[in-house]
Amino acid sequence: MGSWGGAYSLADLTAGFKGGTAPLQFPASQNSEMEVDEVVCLPRLPRVAVCGGTHGNELSGVYLVRELLKAEKKVMEKEEEEPLSVLMVLSNPRAMQQCRRYVDTDLNRCFTHAKLNGPIPDNAPYEIIRSRELNATLGPKGNPEAVDLVCDLHNTTANMGLCFIAYSDCDWICLHIFRHLQRQMPDVPMRYIHFDVSNKESYSLDSVGKHGFAMEIGPQPHGVVRSNIYTAMKVGVQHMLDWVRIFNSGTIFEGGCVDVFTMIKHIDYPRDNETRNITAAIHPKVQDRDFCLLHPEDPLFQTFSGETLRYKGNEPLYPFFINECAYYEKGIALSLARKRRVTIPAIRVQTEQQQRANEQEFASEEEE
Amino acid sequence: MSSSSCNNSACLNEARRVAIFGGTHGNEMSGVTLVNLWVKNSAEIQRKGVETKPFITNPKAVEKCTRYVDTDLNRAFTPENLSAPGGDNLPYEVQRAQEINRIFGPKESPDAYDVIFDLHNTTSNMGCTLILESSKDHFNLQMMHYIKKAIAPASCLVLLNEHPLLKYSTSRSVAKHPVGLEVGPQPQGVLRSNIFEAMRVILKHALDFIELFNEGMEFPPCTVEAFRVLERIDYPRDANGNIIAMVHPNLQDCDWEPLNPGDPMFQTFDGKTIRYHGSGTVYPTFINEAAYYEKQQAFVTTRREALVASAIRKI
């Protein structure tokens, strides 16, 4: 009972995953510029947003944010020692009401600078209007007024465990939060996924904050809430908020290593030329084996007439988002990533003096 | 199919016209995929002396990859709907129901198709399940017995929904012998290879049975273990109708396993356990089916029952 993938679970869910370790010595080859006990000082994070229902049928986030909003009402009077402003947001209420991913267009692709600015036609898609409202509340994107951290909650039908998805492999805040969760939740399979997309091209809700990541947990069918998945998300969000409070209070977080999976490419299903209907399914040997290394010539698809189609890449890569329901229409059967070990420095919050100096420097840069 | 008793066997007409329905729910992908395949090339489903017609029942829902457009097609075959006037003004699925009743029915008439297999998927961990609408359908009982034996040691369970209130008017109910085929777990909108192959194998054996029956094989009396639907259990909800608890981790994925009084059943969002307080042991199924949140159903309870099928042979 309560096994992670439920009826899908396999013996080797953790294949390909190495937990982050925290040696005090950095391997010399990794980053010779960095000294062993250099501590990077980063600005305080006074405002955090937790967003659920960005896709209206990804129910763990929907129910979790609803519950947190209820709980928030009860503790409004209670004063915090270190007030951390946490905004709870239900991103796409209309899609949630219909229990659909989106109404007109995928909300989580609407947050590019181009889409957020410029004129909107009268009959603009609902999600375009909504993305501007969210940008006004949580951003504006790229502006000093933006919230410090956005955590956007998602579910996937793929057997991915708990994943952070971020645009950067050197955002120390996100990487430290990830490592904190790994240590606090050792029974949950956890990976950090990096989409190498520039700030100019970044398109998702989490790119609106100064820091941000999506917390993606699966496997869970859309339109369903599985208690183990919900609980993992609830606990993960709690640890994330705890970390932010601890960070803001001045604690030093020691450096270490985190395995990062950088997305390299997507592979689509084989399709019929005329109808564009798919002509094969993910091969049984790959199904549910997210993050298990895929080698050239490994089985990849099985056609409906029983033929095996093999992976034709020339390097072994790590598959993820294997058989995600929402990606059929985006032409993605699975995504592939390279894994590498990233060294993260020790960090702590800037002192007020450092913060002021930083702000002055920022202001004078703007003037130039 | 008229029947008469001859020498303790029920004598039934040959099953000449058979249909395989896919896409009754447009996002249940195994049936959609299989039927599309067979519409293109039906060699696999041909059997001597049987006309087998693969058919997509809800094409608009399939195109949008959604369960339904206006209303659930698999609840739409009520007498009221089937005789409703209004043509194009009717909800899409009611129009479809009338069309399907014209082609494969009329329901309860001698002209209706002999057998309809209706292919479904579920997010519940039900494995392969055959759904029976009447405990007195000896033809169907014998078919299900045949299928279970053919796929052993793999399992295929029989769900009997004969409950006067919970029974509903399915697409397949147009036929003389309606057979529901439900395979899970599979998320909506997703095609899993193992689920697809399992459904395909079950249909192969079902069609083999029909061929054997039509050729004159006699099937001796047998007992079929079935699970009879008792009641529907909803999620705990607040005064506004919002769900306030989830299927408990101990119950999640435990379709067909005994649920005893006192066992955990739901878990509130803040971690409290709500227990089952029925009077006896039941066997839950359709546990955490996505489509049933809106139908106020977290799972159904069943009890085990041995159904007796009389011997059958063709007239």
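Treat the numbers as computed from the prediction; the structure is a model and nothing was measured.

## Considerations on the UniProt feature "domain: AstE/AspA barrel-sandwich hybrid" (unreviewed entry) in chain A
UniProt records the feature "domain: AstE/AspA barrel-sandwich hybrid" (unreviewed entry) for residues 258-339 of chain A in the present numbering. Measuring from the first to the last C-alpha atom of residues 258-339 of chain A gives 10 Å, for a span that is 0% helix and 37% strand.

## Re the nonpolar core
Core analysis: the largest hydrophobic core is formed by 72 residues, its most contacted members being A:Phe213, A:Met215 and A:Met240. The dominant element in this core, judged by the number of residues it contributes, is helix H6 (residues 227-248) of chain A, at 10 residues. Setting aside its immediate chain neighbours within four residues, A:Met240 contacts A:Val48, A:Val50, A:Leu149, A:Cys151, A:Ile177, A:Leu181 and A:Phe213. The next biggest cluster of nonpolar side chains, apart from the first, holds 68 residues, and it includes A:Ile282, A:Phe304, B:Met29 and B:Val115.

## Quick look at the UniProt feature "binding site: Zn(2+)" (unreviewed entry) in chain B
Residues and elements named next belong to chain B. The UniProt feature table records "binding site: Zn(2+)" (unreviewed entry) at His 25, Glu 28 and His 120. Look at the named residues: they lie 96 residues apart in sequence, but the longest C-alpha span between them is just 7.4 Å, so in the fold they bunch up. Looking at where His 25 falls in the secondary structure, it is placed in the loop between strand E3 (17-22) and helix H1 (29-40). With relative accessibility at 4%, the residue His 25 sits in the buried group. Look past the residues within four positions of His 25 in its chain and what remains in contact with it is Thr 66, Arg 67, Asp 72, Asn 74 and His 120. Here Glu 28 takes part through its side chain, which lies 3.1 Å from a polar atom of the side chain of His 25. Structurally, His 120 is set in strand E5 (residues 115-121). Judged by relative accessible area, His 120 falls into the buried class, the value being 4%. Dropping the residues within four chain positions of it, His 120 is found in contact with Thr 24, His 25, Glu 28, Asn 74, Arg 172, Leu 181, Glu 182, Val 183 and Met 199.

## A few points about the sheet that holds strand E6 (residues 127-132) of chain B
Residues and elements named next belong to chain B. Reading across from one edge, E4-E3-E5-E8-E6-E7-E9-E14-E13 is the order of the nine strands in this open sheet, with mixed pairing throughout. The two strands at the open ends of the sheet, each matched to only one other strand, are strand E4 (51-56) and strand E13 (283-285). Recorded for the sheet is a direction-independent mean angle of 30° between the axes of neighbouring strands. Pairing of strand E9 (residues 222-233) with strand E14 (residues 299-309) involves 11 bridges; the strand directions are antiparallel. Of the residues in E14, the one forming a bridge with Ala 226 is Glu 305. Of the strands in this sheet, E3, E4 and E5 touch helix H4 (residues 92-104), which is tilted by about 170° from E4. Sitting on the sheet, helix H6 (residues 193-214) is in contact with E3, E4, E5, E6, strand E7 (156-160) and strand E8 (177-184), with an inclination near 170° to E5.

## Things to note about the domain arrangement of chain A
Residues and elements named next belong to chain A. Assigned domains within chain A: domain 1 (42-255) and domain 2 (264-340). In this structure, domain 1 and domain 2 have C-alpha centres spaced 28 Å apart. Each side of the interface is counted separately: domain 1 has 18 residues, and domain 2 has 14 residues. Summed over the shared surface of domain 1 and domain 2, the result is two salt bridges. Of the charged contacts, one joins Arg 340 and Asp 169 as a salt bridge, the two residues approaching to 2.9 Å between their closest N and O atoms. Connecting domain 1 to domain 2 are 10 residue pairs in polar contact (both at pLDDT 80 or more). Put simply, the parts of the chain that give the side of domain 1 that touches domain 2 at least two residues each are strand E5 (161-166) and strand E6 (190-194).

## Points about the environment of B:Val247
Note that B:Val247 resides in strand E10 (residues 245-247). Sequence separation between B:Val247 and B:Ile274 is 27 residues, and the spatial gap between their C-alpha atoms is 9.5 Å. Residue contacts for B:Val247: discarding those within four places in its chain leaves A:Ser227, B:Tyr235, B:Gln252, B:Met265, B:Phe266, B:Gln267, B:Ile287 and B:Asn288.

## What about the packing of aromatic side chains?
Within the structure shown, the criterion is met by 33 aromatic pairs over all chains. Taking 5.7 Å as the distance between ring centres and 45° as the angle between the ring planes, the aromatic pair formed by A:Phe320 and A:Phe321 counts as tilted. For the residue pair A:Phe320 and A:Phe321, the accessibility class agrees, reading buried in each case. Geometrically, the ring pair formed by B:Tyr146 and B:Phe219 is edge-to-face, given 6.5 Å between the ring centres and 90° between the ring planes. Of this pair, B:Tyr146 sits in helix H5 (residues 138-151) while B:Phe219 sits in the loop between H6 and E9; the two residues are 73 residues apart in sequence, bridging distant segments of the chain.

Quick notes on the rules
Residue positions are given per chain, counting from 1 as you read along its sequence in written order. Written order decides the labels, with chains lettered from A and ligands numbered from 1. pLDDT decides what is reported in this predicted model: residues at 70 or higher carry local features, side-chain atom pairs at 80 or more are listed and counted, and totals for whole chains, interfaces and linings draw on all residues regardless. Only hydrogens and water are set aside; all other atoms, that is, all heavy atoms of the structure, feed into the side-chain values. UniProt positions are given in the numbering used here, feature names are shortened, and annotations may be inferred rather than shown by experiment. Secondary structure elements are defined from DSSP: runs of H or I of at least 4 residues count as helices, runs of E of at least 2 residues count as strands, and each element is numbered from the N terminus. Remark: nonpolar core denotes a set of buried residues (Ala, Val, Leu, Ile, Met, Phe, Trp, Tyr, Cys) joined through side-chain atoms within 4.5 Å. Remark: exposure states derive from per-residue accessible area (1.4 Å probe, protein chains only) relative to the maximum for the residue type, with buried under 20%, exposed over 50%, and partly exposed in between. Here, two residues are considered to be in contact whenever any of their heavy atoms come within 4.5 Å of each other. Identification of polar contacts relies on pairs of N or O atoms within 3.5 Å, with a donor-acceptor requirement for protein atoms, meaning one able to donate a hydrogen and the other able to accept it, and with residues adjacent in sequence counted only if both atoms are side-chain atoms. Following DSSP output, two strands are said to pair if at least two bridges run between them. Orientation is described by lines fitted to C-alpha atoms, with helices fitted over the stretch in contact, and by angles between N-to-C directions that extend from 0 to 180 degrees. All domain edges in this entry derive from an automatic or database-based domain assignment. Each salt bridge in this description consists of a side-chain nitrogen of Lys or Arg and a carboxyl oxygen of Asp or Glu lying within 4 Å of one another. Between 30 and 60 degrees the pair is tilted, below 30 it is stacked and above 60 it is edge-to-face, where a pair is any two Phe, Tyr or Trp rings, Trp via its six-membered ring, whose centres lie within 6.5 Å.

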